[in-house]
Amino acid sequence: MKSARYAAGLSARRDGVRPGGARVSTVIAVTSADMALPAQDERTVPAAVLQDVDRQPLEQVLDGMQGLLDRYGHVIVVTSPGVAGAVERRLHTVRSLLESDRIALFSPQLPPLGVAVLARQLRQLASCGLGPGVLASAGRLLTHYVHCGAVLPSVAHLDRVPVGLRAHARSWVPGTQFAVVAHPEPQLVRVGPGAVLRGPDFGTWMVVARGRLQSDWAGTTLAPAWRVLGLHESALPAESARWWGTGKLVEFCAYLPDLSVLYQLVASVRQGVCHWCGIDVIGDRCVFCSATLPAGDAPARAAAAPGSSASGAPAHDGYGGNGSGYGGNGSGYGGNGSGYGGNGSGYGGNGSGYGGYAYGPGYDASGDRAVHGGQAPALESPPTTG
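Predicted model only: the values in this text are computed from it and were never measured.

Asks: How would you sum up the nonpolar core? Please name residues and give values.
Replies: Ranked by size, the top nonpolar core spans 52 residues in total, and within it Ile76, Val78, Leu125, Leu130, Leu135 and Val266 carry the most contacts. Among the elements that make up this core, the one with the highest residue count is helix H4 (residues 112–125) (8 residues).

This is the structure in structure tokens:
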């Protein structure tokens with residue numbers, strides 16, 4: 001039977017406020033402290049860390065989760081596919097016992113470092129006043145713009161990426177290293193002169209997490225090849241060894257760091273209403289209740305950026321648009337070409353970077369780093385919450 005505290009919280013949610021009259025907000029939770037990356041900017045809200053939920057008494061975990069619901073209104077738990085099965089089972093048990101439709105369990109198909117990066121992006125967006133359903137759905141959308149992989153000494157135990165017989169055989173050669181991209185499309189090359197991995201065609205930052213493998217390839221070779229605009233290091237998540245099949249690795253992830261760009265991506269997708277739990281969502285599925293929106297109700301692309309197309313052609317993963325991107329013609333987000341909201345390969349303009357600046361701010365047309373890189377165009381400012 002539902003507790004009085006839960007019933008009060010449910011009533012408050014329907015009225016759009018938390019108990020006490022405060023506005024409903026959402027907290028992003030992770031399952032270990034190493035999945036809570038340092039804040040990207042001053043707008044990044046802290047993560048709730050659900051540490052050792054499989055080892056703590058069930059009552060204690062229930063009380064902790066109920067406390068988060070009472071304080072924030074909604075909880076989005078971001079987990080890695082590499083998390084222990086006991087943790088996943090405990091989270092589902094907690095959600096069932098609390099009978100709460102305000103807990104979303106979101107497990108993107110990314111390596112652990114990519115999941116940690118995605119969770120931080122949601123923590124950035126949590127400061128913008130987005131509804132809980134939209135914020136949770138944003139995780140599915142932003143997954144497409146995360147490029148992650150690792151440098152490994154062997155692929156003998158790697159089962160997340162297709163591995164050929166030749167690569168398996170080379171794994172037994174001492175000193176051999178492999179560079180692997182697991183998302184958005186599997187790639188595997190042997191590290192050496194001329195080794196190339198296809199990367200993002202938009203401006204990103206890169207985070208590198210070092211395990212027990214001695215290798216600088218990700219920072220010294222891959223980062224320049226992908227023309228990253230910023231590079232920093234982080235601790236390796238404990239779940240990475242299980243996901244990659246070895247603790248000897250260097251994990252890397254390229255991602256969109258700017259809150260304005262993240263907010264623009266999410267805000268430019270038209271919202272729909274989940275027919276089961278009644279909250280606003282984007283895309284074709286509610287992350288809180290897993291209900292799929294009827295085909296006629298799946299939200300299409302909202303008003304596109306200048307110079308783009310907003311036709312309702314077949315959607316990619318529930319976000320309407322033509323081509324292989326979101327809401328526009330070609331291979332990008334809301335525009336013609338391979339970028340976001342404009343012609344070409346950039347964000348909202350012509351060229352190959354942010355808004356028409358070739359290769360993004362900090363790089364000139366030849367791809368070399370410029371002394372004074374062009375600034376990104378002014379985007380709609382994310383709102384702040386009171």
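Asks: Please provide a residue-by-residue account of the side chain of serine 240, values included.
Replies: Considering the arrangement of structural elements, one finds serine 240 in helix H8 (residues 240–244). When residues no more than four places from it in sequence are discounted, the contact partners of serine 240 are Pro112, Leu113, Thr246 and Glu251.

Asks: Give me the pattern of salt bridges: which residues, what numbers.
Replies: Per the counting criterion, the structure on display carries 4 salt bridges. For glutamate 185, the salt bridge identified is with arginine 198, shortest N-O distance 3.2 Å. With glutamate 185 in the loop between strand S6 (178–183) and strand S7 (187–190) and arginine 198 in the loop between S7 and strand S8 (205–210), the pair connects residues that are 13 residues apart, well separated along the chain. Assessed through its relative accessible area of 52%, arginine 198 is described here as exposed. Three or more residues joined by partner-sharing salt bridges are found here, namely Arg210, Asp216 and Glu233.

Asks: So what's going on with the sheet that holds strand S2 (residues 48–49)? Which residues, and what values?
Replies: On the basis of which strands lie adjacent, the open sheet formed by 4 strands has the order S2-S1-S3-S4 and parallel pairing. Each edge of the open sheet carries a strand with a single partner, namely S2 and strand S4 (103–106). Alignment of strand S1 (residues 25–30) against strand S3 (residues 73–78), held across 6 bridges, turns out to be parallel. Bridging from a neighbouring strand, valine 30 pairs with valine 78 of S3.

Asks: I'd like a rundown of helix H9 (residues 259–267), residues and numbers included.
Replies: The complete set of buried residues in H9 reads Leu259, Val261, Leu262, Tyr263, Leu265 and Val266. Packing partners of the buried residues in H9 comprise H4 and helix H5 (132–142). The distance from a side-chain oxygen at the start of H9 to the backbone nitrogen of serine 260 is 2.8 Å, and the residue carrying that oxygen is aspartate 258.

Asks: Outline the state of the cysteines, listing residues and values.
Replies: Inspection of every chain in the model, using the stated rule, returns 0 disulfides. Not part of a disulfide, cysteine 148 finds its nearest cysteine sulfur in cysteine 253, a span of 4.8 Å. Judged by relative accessible area, cysteine 148 falls into the buried class, the value being 0%. On the accessibility criterion, cysteine 253 (0% relative accessible area) is buried.

Asks: Lay out the packing of H5 against H9 in plain terms, naming residues and giving numbers.
Replies: At their nearest, the axes of H5 and H9 sit 10 Å apart, and the two run at 105° to each other. Put simply, H5 runs roughly perpendicular to H9. Contacts between H5 and H9 involve Val134, Ala138, Leu141 and Leu142 on the former and, on the latter, Leu262, Leu265 and Val266.

Rules of the game
- Residues numbered from 1 in each chain as written.
- Predicted model: local features only at pLDDT ≥ 70, side-chain atom pairs only at ≥ 80, totals over all residues.
- Heavy atoms only, no water.
- Core = buried A, V, L, I, M, F, W, Y, C linked by side-chain atoms within 4.5 Å.
- Buried < 20%, exposed > 50% of the residue type's maximum accessible area, 1.4 Å probe, protein only.
- Helix = DSSP H or I, 4+ residues; strand = E, 2+ residues; numbered from the N terminus.
- Contact = heavy atoms within 4.5 Å.
- Salt bridge = Lys/Arg side-chain N within 4 Å of Asp/Glu carboxyl O.
- Pairing = 2+ DSSP bridges.
- Polar contact = N/O pair within 3.5 Å; in protein donor to acceptor, adjacent residues only side chain to side chain.
- Disulfide = S-S within 2.5 Å.
- Axes fitted to C-alpha atoms, helices over the stretch in contact; angles between N-to-C directions.
- Parallel < 35°, antiparallel > 145°, perpendicular 65-115°, else oblique.

Note that all results are geometric; they support no functional claim without further evidence.
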